[in-house]
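Below are the chains, spelled out letter by letter.
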Amino acid sequence: MAHVGVPRGTARKRRSVALLATGVLTLPVLAGCTSDSEGPTPVAVPQDIAPASRDRVADGSTLTWAIDAVPATLNAYQADADSATTRITGALLPSLFPLDARGEPKLNPDYLESAKVIEQEPKQVVLYKLNQQAVWSDGREIGAPDFVAQWRALSGKDSAFWTARNAGYERIEKIERGKDDLQVRVTFSKPYADWRSLFSPLYPKEVTGSPGTFNDGARATLKNTAGPFRLRSVNKDKGTVVLDRNPRWWGNEAKLESLVFRAVEPKDRTDALTAGTVDVADIDATTANGIALAARYRGGNGGPPAHGPGADITPAAALRSWALAHGSDEEAAEAAQLAREKNREAVAVYAAEQKSLQGFVVRKSLEPAYTQLAMNGESGALADDRVRRAIARTLDRQELADAVLKPLGLPAKPPGSHLALAGQPAYKDGSGALGDQDTKEAQALLADAGWTVGGAVRRTEDTKAGSEAEKKASGEATDKASPKATDKASGKASEKASEKATDKASEKDEEKDDKASREEGTYIVGDDKPGDGPAGAGVTAQDKGPAGAYAPAGTAAPAPASVKSRIGKGGKPLTLRFVLPSGPGSQPLRTVGQKIVEMLDAIGISTQITKVDDESYFKDHIASGDYDMALYSWPATAYPATDGRPIFSKPEPATDGSLLVEQNYTRVGSDHIDQLFDRAVSELDANASRDLLKQADARIWAAAGSIPLYQRPQLVAVDKKLANIGAFGFAAPRYEDIGFTGRQAAGSPANRKK
């Protein structure tokens, strides 16, 4: 279930102390996660692909599809495989159980006649019956030898194969030929509920048969394929991967003659669409808004444009400009003429761009992935699950989802599960195990953990303004040296004057200190302010007052009101480091991050936002544990028992003393959660397995290391004449059905403009 760009496994040097305290988990709440009679939850947003029957799609033509970069490998089982690898191999290789629109795996009749568990005792046996017409592009039939070779490569028993994952394959005991090579019997050493996840994609034995071909033979080429397309070329210099129709394809012939994947960075997608060099591209909200504006653009016809250059020129301003350009003042006329010419050129360029964008439409849905607030529970305040739960119950998840999805016209219901999304069979809202947003409950949890309002104020023992400590230090000799009446009068006058001066200084600085606390995210009395000056810079000289004016030197001055309202313990505020990516494509995360800061600030929790480069965000911060809070996403999966375990399993110490976290970057887990996953993945009854997963999800909610916030938007710019392509949601594309409607066989706009 690894998200694109998420490193797979990482180790830490210290043992995680952020394990679930069993006393905190309220069993009555969690007990509600057993089997229920509720019907399936509907998919939040259906896919948006402009579906059309094949007879309405023209034969021929070329489609150009934007990807982030030419993939480093075409071997989907290697560590550097990415989303481009998945997209390209989806058109080239067998997928036995592709996902449907509800995120369920469905048998693919192009490759299988049937596949089912035929024995459960003494061991699980699955029998695959292959489509008799299914062949590789070299003419050899797809058969048992391909299954055997892939199992041996991915089983993990031979370290010479450089594999990124072997989940499920390590449970296979043997693979045998059935009545013929078109029947494959797979026997498991341990029951495996997610057996449908195996052998997709299926590679030919020529790739998986030896470490050499597996490690290097499928990185830049695939000589043998078995999909509606075959690989023609990979050109990293040009940034293209070109596919042609597969002449040996036995299914419905691909409508497109060729399919070109072109590397276009996300920031350059608008320019590529305008230039007509791509027909399909995943885009961000800014580009989507640009396409929507283009649809409303009007130019020419004697009227001003609807937006863009010249749109703000009023009739009066236009008349004044014309008058200046044709007036008797030659210098003013020349300047006006130059300005008018520049405006005409800008309007013409903008109009051409708008005309190009008018040929596209934005197809939108929700991506099968959710964005979460991750809290690093390895050490510090967040090692206490009460603090994590308090933060989680402070958040208004609905407000955060609204901020991202409502401007796009998409429904904004926060996800209720870590392991499935609305519409999938395993989905059930388990957030009740944590509890709804409740500020009072959050403050009570913090207080129970020792973090209280005013706890950030540093108190000095045995020291009182007016001299109790001074008396102890100086002894009775000091009393004898000064008359009592004089001492009392002097003490009272000094104390009164000091209090007035201090009150004025506190009132004057209160607003400034409170603002600094919100903007900087942290305020520590007497300690360094992050990125600002020496120790003590957070408290001004006025705050401290002249030493000894009304109290002994070193006595703490009254804390500013901003500090008094902070949550703290033992004189130290609860301050969390919030790491966020800084790239232009990460603006939605920063918007959500700022709202989280404001929500936490409202109850007195300080945060310090640290913005880092997108390239180093995961590797140097999330995977390494260099953060307190962070925002990142996990894709949904049809196999949560398999794919969810490494994300939520309890970190374990390695032999060298480091910490093995797999993909659990929050470092929060428990033995009970692991046991529920283990039982679910071995349970062959689908309903029973899902019930176990729902129990595991409730425990994950209660642990509060990961808080799902919203399902990510999926925005795709598509040529208006294209059918069966766009925002696919859960479903895998049917590449053979994609094409242009109407008379488009001569080539797509992208091809004509190349």
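Remember, it's a predicted structure, so these values are computed and weren't measured experimentally.

Caption draft 1: Summary view of the environment of arginine 388. When you line up the elements, arginine 388 lands in helix α10 (residues 385–394). For arginine 388, a relative accessible area of 0% translates into the label buried. Placed 57 residues apart in sequence, arginine 388 and leucine 445 show a C-alpha to C-alpha distance of 9.2 Å.

Caption draft 2: Seen up close, helix α22 (residues 671–681). All buried positions along α22 are accounted for by Ile673, Asp674, Leu676, Phe677, Ala680 and Val681. Buried positions in α22, seen along its axis, are confined to an arc of 160 degrees and lie on one side of it. Its buried side turned inward, α22 meets α20 (640–643), α21 (645–648) and α23 (686–703).

Caption draft 3: Focus on the packing of aromatic side chains. Per the stated rule, a full pass over the model turns up 19 aromatic pairs. Arranged with centres 6.4 Å apart and planes meeting at 65 degrees, the rings of tyrosine 632 and tyrosine 665 form a pair that is edge-to-face. Taken together, the positions of tyrosine 632 in strand β17 (residues 629–635) and tyrosine 665 in the loop between β19 (659–660) and α22 put the pair 33 residues apart, joining distant regions of the chain. For tyrosine 632, a relative accessible area of 3% puts it in the buried group. Judged by relative accessible area, tyrosine 665 falls into the buried class, the value being 1%. Within the aromatic cluster, the residues linked to one another by ring pairs are Phe97, Tyr128, Phe147, Tyr169, Trp195 and Phe199. Across the ring face of phenylalanine 97, the terminal group of arginine 196 is positioned such that the distance to the ring centre comes to 6.0 Å.

Caption draft 4: How the structure looks around the pattern of salt bridges. In total, this model carries 28 salt bridges according to the counting rule given. The salt bridge involving aspartate 268 is made with lysine 267; its shortest N-O contact spans 3.4 Å. Classification of aspartate 268 as partly exposed rests on a relative accessible area of 30%. Between arginine 577 and aspartate 626 there is a salt bridge, and its shortest N-O distance comes to 3.0 Å. In this pair, arginine 577 sits in strand β15 (residues 575–581) while aspartate 626 sits in the loop between α19 (614–622) and β17, placing the two residues 49 residues apart along the sequence. The exposure class of aspartate 626 is partly exposed, given its relative accessible area of 34%. Among the charged side chains, a salt-bridge network with shared partners connects Arg54, Arg734, Glu736 and Asp737.

Caption draft 5: Highlighting unusual backbone geometry. Cis rather than trans, the peptide bond between glutamate 121 and proline 122 has omega equal to 0 degrees. Mapped onto the elements, proline 122 comes out in the loop between β3 (112–119) and β4 (125–130). For serine 61, which is not glycine, the phi torsion reads 80 degrees and is therefore positive. With respect to the helices, strands and loops of the structure, serine 61 is situated in the loop between α1 (27–30) and β2 (62–67). Residue classification places serine 61 among the buried residues on the basis of a relative accessible area of 3%.

Caption draft 6: Here's a closer look at a negative patch on the surface. Together, Asp329, Glu330, Glu331 and Glu334 give the surface a local cluster of negative charge. For glutamate 334, the position within the fold is in helix α9 (residues 330–357). Look at glutamate 334 and you get exposed, because its relative accessible area is 57%.

Caption draft 7: Structural context of helix α12 (residues 439–448). Buried residues of α12: Ala442, Leu445 and Leu446, and no others. Buried positions in α12, seen along its axis, are confined to an arc of 100 degrees and lie on one side of it. Pointing more than 90 degrees away from the buried face of α12 are the exposed residues Lys440 and Asp448. Where the residues of α12 are buried, they touch α10 and β13 (567–569). The opening residue of α12, the one whose side-chain oxygen lies 3.1 Å from the backbone nitrogen of lysine 440, is aspartate 438. Positive backbone phi, approximately 95 degrees, marks glycine 450, located one or two places after α12.

Cut-offs applied
- Residues numbered from 1 in each chain as written.
- Predicted model: local features only at pLDDT ≥ 70, side-chain atom pairs only at ≥ 80, totals over all residues.
- Heavy atoms only, no water.
- Helix = DSSP H or I, 4+ residues; strand = E, 2+ residues; numbered from the N terminus.
- Buried < 20%, exposed > 50% of the residue type's maximum accessible area, 1.4 Å probe, protein only.
- Arc of directions from axis to C-beta.
- Contact = heavy atoms within 4.5 Å.
- Phe/Tyr/Trp six-rings, centres within 6.5 Å; stacked < 30°, edge-to-face > 60°.
- Lys NZ or Arg CZ within 6 Å of the ring centre and 35° of its normal.
- Salt bridge = Lys/Arg side-chain N within 4 Å of Asp/Glu carboxyl O.
- Patch = residues over 30% accessible without salt bridge, like charges linked within 9 Å, V, L, I, M, F, W, Y side chains within 5 Å.
- Areas by Shrake-Rupley, 256 points an atom, 1.4 Å probe, with all protein chains shown as cover.
- Lys, Arg positive; Asp, Glu negative; His and termini not counted.
- Charge placed at Lys NZ, Arg CZ, Asp CG, Glu CD.
- Polar contact = N/O pair within 3.5 Å; in protein donor to acceptor, adjacent residues only side chain to side chain.

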